[in-house]
Amino acid sequence: MRTRRTMLALSAGTLCLTGCGAPGGSNGGLTIEVADATAAPGGTARIAVQASSGGVLTWQLAEIPERWQVAHENFEPHPTAVRESYPPELVWDPVAESVTGSLAVAVPNGATPGEYVLVVEAGTATADERAVSEATVTVEA
């Protein structure tokens, strides 16, 4: 499981980045962890997601081809809103203390075997704090 945490803050007009933390670490209580997943072409890879102290959860197709489909499944508690934008957003208002669920990546028939990265991000409603984690989807022949 590869996890990267980044907090963005504006200070006197300057963008400040504070570095990487170890998995399980936090930025003010905001955390996100994802698990890698494997699927064969024509199958579905389910990425387990666990977040805390977040109000918004998004995902981006870092290395996953755009034609692949990613859907959210079984999030508890259920999001109070789902924004069908890019990146898609699951929203909890008020902020959820703990969230679990999965992202289902539909791997099309004929997909090239290899490793593909899905970036998953949790944030606060004010968008000034972010935690980022990367899941590797392995496509096996």
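Everything below is about the structure shown above.
The following refers to the structure shown. Values in this document were obtained by computation on a predicted structure and should not be read as measured data.

What counts and what doesn't
Residues numbered from 1 in each chain as written. Predicted model: local features only at pLDDT ≥ 70, side-chain atom pairs only at ≥ 80, totals over all residues. Heavy atoms only, no water. Helix = DSSP H or I, 4+ residues; strand = E, 2+ residues; numbered from the N terminus. Buried < 20%, exposed > 50% of the residue type's maximum accessible area, 1.4 Å probe, protein only. Contact = heavy atoms within 4.5 Å. Areas by Shrake-Rupley, 256 points an atom, 1.4 Å probe, with all protein chains shown as cover. Salt bridge = Lys/Arg side-chain N within 4 Å of Asp/Glu carboxyl O. 1 Å grid on protein atoms, 1.4 Å probe; cavity = no way out; pocket = protein on both sides within 12 Å on 5 of 7 lines; lining within 4 Å. Points joined across faces, edges and corners; volume = space filled by probe spheres on them. Nonpolar A, V, L, I, M, F, W, Y, C, P; charged D, E, K, R; others polar. Pairing = 2+ DSSP bridges.

Some remarks on the overall build of the protein chain
1) Next: Along the backbone of the protein chain there are zero helices and 10 strands.
2) Next: When the elements of the protein chain are put in sequence order from the N terminus, they spell out β-β-β-β-β-β-β-β-β-β.
3) Next: Split into buried and exposed, the 141 residues of the protein chain put 40% on the buried side.
4) Next: Of the contacts made within the protein chain by residues no fewer than 6 positions apart, 64% connect residues no fewer than 24 positions apart.
5) Next: Within the structure as shown, the protein chain displays about 7,400 Å² of accessible surface, and the carbon and sulfur contribution to it stands at 51%.

Looking at the pattern of salt bridges
1) Next: In total, this model carries three salt bridges according to the counting rule given.
2) Next: Notably, a salt bridge pairs Arg46 with Glu73, separated by 2.8 Å at the nearest N-O pair. Here the residue Arg46 occupies a position in strand 5 (residues 44-60), and Glu73 occupies one in strand 6 (residues 69-76), the gap between them amounting to 27 residues.
3) Next: For Arg46, a relative accessible area of 46% gives the class partly exposed.

Looking at the layout of surface pockets
1) Next: By volume, the largest pocket is sized at about 240 Å³.
2) Next: The wall of the largest pocket is formed by 14 residues, among which Trp59, Leu61, Val70, Tyr86 and Pro88 lie closest to the centre.
3) Next: Of all elements in the fold, only strand 5, strand 6 and strand 7 (81-83) reach the threshold of two or more residues within the lining of the largest pocket.
4) Next: The greatest single-element share of the lining of the largest pocket, amounting to three residues, is contributed by strand 6.
5) Next: Partitioning the lining of the largest pocket into residue classes produces eight nonpolar, three polar and three charged.

Let's talk about empty space enclosed by the protein
1) Next: Taken as a whole, this structure holds one cavity of 30 Å³ or more when the rule is applied.
2) Next: Roughly 50 Å³ of internal volume is contained in the largest cavity.
3) Next: Put simply, the parts of the chain that give the lining of the largest cavity at least two residues each are strand 5 and strand 8 (89-106).
4) Next: At five residues, the largest contribution of residues to the lining of the largest cavity is made by strand 5.
5) Next: Of the residues belonging to the lining of the largest cavity, the class tally is six nonpolar, two polar and no charged.

Considerations on the pairing of strand 5
1) Next: Summarising the sheet, strand 3 (residues 31-34) and strand 5 pair through four bridges and their orientation is antiparallel. Within strand 5, the residue paired with Thr31 across the bridge is Ser52.
2) Next: Bridging between strand 5 and strand 9 (residues 114-123) involves five bridges; their strand directions are antiparallel. Its bridge partner being in strand 9, Thr58 is matched across the sheet by Glu121.

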